[in-house]
2 protein chains.
Amino acid sequence: MYLIKSNGYDVEIGIKIFKSISSLITKKKYSSHFIICDENTFQFCLPNLISNCPKLREAHIIELESGEASKSLEFSAHVWQTLIENKADKNSLVVNLGGGVVSDLGGFCASTYKRGIDFINIPTTLLSMADASVGGKTGIDFSGLKNSIGTFTQPKGVFIDPDFLETLPSRHFQNGLAEIFKIALICDKKFWNELKTADVKVAAKDIIAKGVALKNKIVSKDPFDNGIRKTLNFGHTIGHAIESMLLGSSNELLHGEAIVIGMLIESHLSYQKKLFSKNELDEVLNVFKNVFQPNKINDLNLDSIFELMKNDKKSTNNKFQFALIDKIGSCKFDLAVSDLQIKKAIEFYNTSF
Amino acid sequence: MYLIKSNGYDVEIGIKIFKSISSLITKKKYSSHFIICDENTFQFCLPNLISNCPKLREAHIIELESGEASKSLEFSAHVWQTLIENKADKNSLVVNLGGGVVSDLGGFCASTYKRGIDFINIPTTLLSMADASVGGKTGIDFSGLKNSIGTFTQPKGVFIDPDFLETLPSRHFQNGLAEIFKIALICDKKFWNELKTADVKVAAKDIIAKGVALKNKIVSKDPFDNGIRKTLNFGHTIGHAIESMLLGSSNELLHGEAIVIGMLIESHLSYQKKLFSKNELDEVLNVFKNVFQPNKINDLNLDSIFELMKNDKKSTNNKFQFALIDKIGSCKFDLAVSDLQIKKAIEFYNTSF
């Protein structure tokens, strides 16, 4: 079992999480419990959770449809309404059982219901285990912009059981790997070298623990995203814009898929800005070719991407600010990049990946 | 000028607030500015603000209709949409120019936009000057429940110009007085004695400063409402339920008007619980008769009031918890009260005030 101390709560990784959840719930004497899940975790994870945590047998279940479209203001209103109708009070608990959609939305609803009630996260996808389990970000999409409404609120605990990954479709496993490769690229060359050759499915537990510990170190230093935490945005300035753009279309990408594209394009920005050698660029490209499926973006409208980037939370004073790796395992932030450089980098992606 | 140090920001009370606002805005170098106001502050306060703060001349104005009905999720969506359309980024500022409706809603929208952007409050009603200027509570009404969705977020500054009260209708002045009398009742007998005989309009600045300083002392000790801050709920357990019940009806009460009713009913609870003598009860009743207009509640449905109280943020495990004064200038909290005691206290109100 791994135990990672985060900002006021623990991330526990192992097979005994149900015992820990039960003991937290018993200790806190919550007045009522609400479990938010999607149709997949309802089927594959909820029975296991409930049978192992007796206190949750009478929990109210709120089920959403899996997929980013549920991270909406409309669904938040449904969650708040359900809490009110079932008389949730300030001493009630929300249990988020699912991937990032469930924990982002559930965390947002809990953090704003009666000005904040307790919630815990039980991430069931690799992405949410590795990425969303530390950092305290909650949020919903609004007006076509990802996470444009949200809060910084820490859960009371995060409980990761890698066994949940057994029922996770392969595309969703890759989705989580993207963020794990990112954390290695920005801050740990040794971990990057391990990942290059690892059997990631077999080593899932260790890889998650390493990824969470690295991210936790960064967010603990900068809880509100004003400094070093910005390095976590590597791949995200472009990646988020592409993800937002394709949201709801037939080519909709998973977050990690968009971030893979973003990391490659932004690696080329590093190369153009002479932060990064041709060799290093080739190394990232080749590793990614080996691990990830390519997604073509030839027909994307550049002006729309620029427009979306301006609306991104990372944008300030309408200037594009990038976090760029300056060597494998190291990252700088608040770097200005020109429109032309972005165009060239996208061209590189379209012709190389 | 009075300067009260609150949780990470200052409350400034005086006639030179525009200079201070200008200097804050200049120092922070905000990328854009948004002023939220209602039709009254648009007419009576905005011209003054803009002409005295040159940096705000190009601010985007978001105007809401005065009244509690604007503190809605729908209007929050309008605010977020306006912020997005005008490319507000993480370095933008929201200026809340108005009463509690404006600062509660504006604070909520700012605290959740891109996970939180800066906002300042310029309260223009006595209630918002005396009550909403410290404590960090933001919120909107949802599903008929007051402030059921919101956050604890501190503004970057609160700027109080008592001159704004000159255009405030008399009913709204009384509305604010209710919270000032409450703070005296729960923690400062000397202030209560001063208030009994004061010409409150003439002494407005000093009374506001005293009220804010007393409240600030309490909320600083207990920022998240878990202990002594609950004494501020005196008059509010019953008062909020009555206010919620009449919301949208032709007998809709202002917050302070409901709280006056709540304080009298809850004073009678103190009397029934032998915390409070008959003499003390009479004193509160007589002072309130002298200062406030009576509002009859004879035809209220008791079951509905109990139902609303169960849904109140102050309720835990479905039990009614009251903050009750045990003598003038002192208050206890987490006191259980029976349905019958509440019925008797309401009867007292209906036959005495």
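Since this is a predicted model, take the numbers as computed values, not measurements.

Parameters and conventions
Residues numbered from 1 in each chain as written. Chains lettered and ligands numbered in written order. Predicted model: local features only at pLDDT ≥ 70, side-chain atom pairs only at ≥ 80, totals over all residues. Helix = DSSP H or I, 4+ residues; strand = E, 2+ residues; numbered from the N terminus. Rg over C-alpha atoms; globule rule 2.2 N^0.38 Å. Least-squares fit on C-alpha atoms with pLDDT ≥ 70 in both. Contact = placed C-beta atoms within 7 Å. Core = buried A, V, L, I, M, F, W, Y, C linked by C-beta atoms within 7 Å. Buried ≥ 20, exposed ≤ 12 C-beta atoms within 10 Å, placed from the backbone. Domains from an automatic or database assignment. Pairing = 2+ DSSP bridges. Expected span 1.5 Å × (residues − 1). Arc of directions from axis to C-beta. Axes fitted to C-alpha atoms, helices over the stretch in contact; angles between N-to-C directions. Parallel < 35°, antiparallel > 145°, perpendicular 65-115°, else oblique. Left-handed = near helix turned anticlockwise from the far one by under 90°. Nonpolar A, V, L, I, M, F, W, Y, C, P; charged D, E, K, R; others polar. pLDDT = per-residue confidence, 0-100.

A look at the overall build of chain A
Along the backbone of chain A there are 14 helices and eleven strands. The C-alpha atoms of chain A give 20 Å as radius of gyration, which agrees with the globular expectation for 353 residues (20 Å, within 12%). The C-alpha extent of chain A, read off along each of the three principal axes, is 60 × 40 × 35 Å.

Considerations on the relation of the copies chain B and chain A
In the superposition of chain B on chain A (RMSD 0.0 Å, axial shift 0.0 Å), the rotation amounts to 180 degrees. Classification of the inter-copy transformation places it as that of a two-fold axis. Mapped onto chain A, 100% of the interface residues of chain B are again interface residues, and the two copies thus contact each other with one and the same surface.

A few points about the nonpolar core
If you look at the biggest cluster of nonpolar residues, it comprises 208 residues, and the most contacted ones within it are Ile36(A), Leu97(A), Ile36(B) and Leu97(B). In this structure Leu97(A) touches Ile35(A), Ile36(A), Cys37(A), Thr41(A), Cys45(A), Leu46(A), Leu49(A), Val102(A), Ile122(A) and Thr124(A), once residues within four positions along its chain are discounted.

A word on the domain arrangement of chain A
All names here are of chain A. If you check the domain split of chain A, you get domain 1 (2–167) and domain 2 (170–352). Between the C-alpha centres of domain 1 and domain 2 there is a distance of 26 Å. Facing the 25 residues of domain 1 at the interface are 27 residues of domain 2. Where the side of domain 1 that touches domain 2 is concerned, the elements lending two or more residues are strand 1 (2–5), strand 2 (10–13), helix 6 (126–132) and strand 8 (145–149). The element that contributes the greatest number of residues to the side of domain 1 that touches domain 2 is helix 6, accounting for five residues.

Comments concerning the pairing of strand 11 (residues 330–336) of chain A
For a regular strand, the rule is simple: side chains alternate between the two faces of the sheet. Residues and elements named next belong to chain A. Bridge analysis of strand 10 (residues 321–327) against strand 11 gives five bridges, and the strand direction is antiparallel. Paired with lysine 327 across the bridge in strand 11 is serine 330. Counting the residues that bridge the hairpin from strand 10 to strand 11 gives two residues, and of these glycine 329 lies at a positive phi of roughly 95 degrees.

Quick word on the environment of Gln43(A)
Mapped onto the elements of the fold, Gln43(A) is located in helix 2 (residues 39–44). Linking Gln43(A) and Glu347(A), residues 304 residues apart in sequence, is a C-alpha distance of 43 Å.

Here's the deal with helix 14 (residues 339–352) of chain B
Residue and element names in this part refer to chain B. Taking 1.5 Å of rise per residue, 14 residues should cover 20 Å, and helix 14 covers 20 Å from first to last C-alpha, within 8% of that figure. Buried within helix 14 we find Ile342, Ala345, Ile346 and Tyr349. An end-on view of helix 14 places all buried positions within 100 degrees of arc, on one side of the element. With respect to the buried face of helix 14, the exposed residues turned more than 90 degrees away are Leu340, Glu347 and Thr351.

A short note on the environment of Pro54(A)
Mapping Pro54(A) onto the fold places it in the loop between helix 3 (46–52) and strand 4 (60–64). Put simply, Pro54(A) and Ser92(A) are 38 residues apart on the chain and 16 Å apart in space, counted from C-alpha to C-alpha.

Section: the packing of helix 7 (residues 170–187) of chain B against helix 9 (residues 204–221) of chain B
Residues and elements named next belong to chain B. Across the interface, helix 7 lies against helix 9 with an axial gap of 10 Å and an inter-helix angle of 50 degrees. As judged from the angle between their axes, helix 7 and helix 9 are oblique. In the packing of helix 7 onto helix 9, the handedness of the crossing is left-handed. Judged by residue contacts, Ile180, Ile183 and Cys187 of helix 7 engage Ile207, Gly211, Leu214, Lys215 and Ile218 from helix 9. Class assignment of the residues belonging to the contact of helix 7 with helix 9 gives a composition of six nonpolar, one polar and one charged.

Re the interface of chain B and chain A
Counting residues at the interface gives 32 residues for chain B, matched by 32 residues for chain A. Elements with a minimum of two residues in the side of chain B that touches chain A: helix 4 (73–85) and strand 8 (145–149) of chain B. Residue contributions to the side of chain B that touches chain A peak at five residues, all from helix 4 of chain B.

Some words on the confidence of the model for chain A
For chain A, per-residue confidence averages 93 on the pLDDT scale, and 98% of positions sit at 70 or higher. Note on the complex model: pTM 0.90, ipTM 0.89.

A short note on unusual backbone geometry
Keep in mind that most residues, glycine aside, have a negative phi and that most peptide bonds are trans. In the Ramachandran plot, Arg115(A) falls in the positive-phi region, its phi being about 60 degrees despite a non-glycine side chain. When you line up the elements, Arg115(A) lands in the loop between helix 5 (100–112) and strand 6 (118–123). Looking at Arg115(A), the number of C-beta atoms within 10 Å reads 22, which means it is buried. One non-glycine residue, Asp225(B), lies in the positive phi region at around 70 degrees. When you line up the elements, Asp225(B) lands in the loop between helix 9 and helix 10 (236–246).

Let's talk about the packing of helix 7 of chain B against helix 8 (residues 189–197) of chain B
All names here are of chain B. At a minimum axis distance of 7 Å, the contact between helix 7 and helix 8 shows a crossing angle of 140 degrees. In terms of orientation, helix 7 and helix 8 fall into the oblique class. Relative to helix 8, the crossing made by helix 7 is left-handed. Each of Ile180, Phe181, Ala184 and Leu185 in helix 7 lies in contact with helix 8, whose residues at this interface are Phe191, Trp192 and Leu195. Partitioned by chemical class, the residues of the contact of helix 7 with helix 8 number seven nonpolar, no polar and no charged.

A closer look at the pairing of strand 8 of chain A
Residue and element names in this part refer to chain A. In terms of residue burial, strand 8 counts as a mostly covered element, since four of its five residues are buried. Of the pairings in the sheet, the one linking strand 7 (residues 140–142) to strand 8 comprises two bridges and is antiparallel in character. The partner of isoleucine 140 across the bridge, within strand 8, is isoleucine 149. Linking strand 7 back to strand 8 in an antiparallel pair, the connection comprises two residues, with serine 143 at a positive phi of about 55 degrees.

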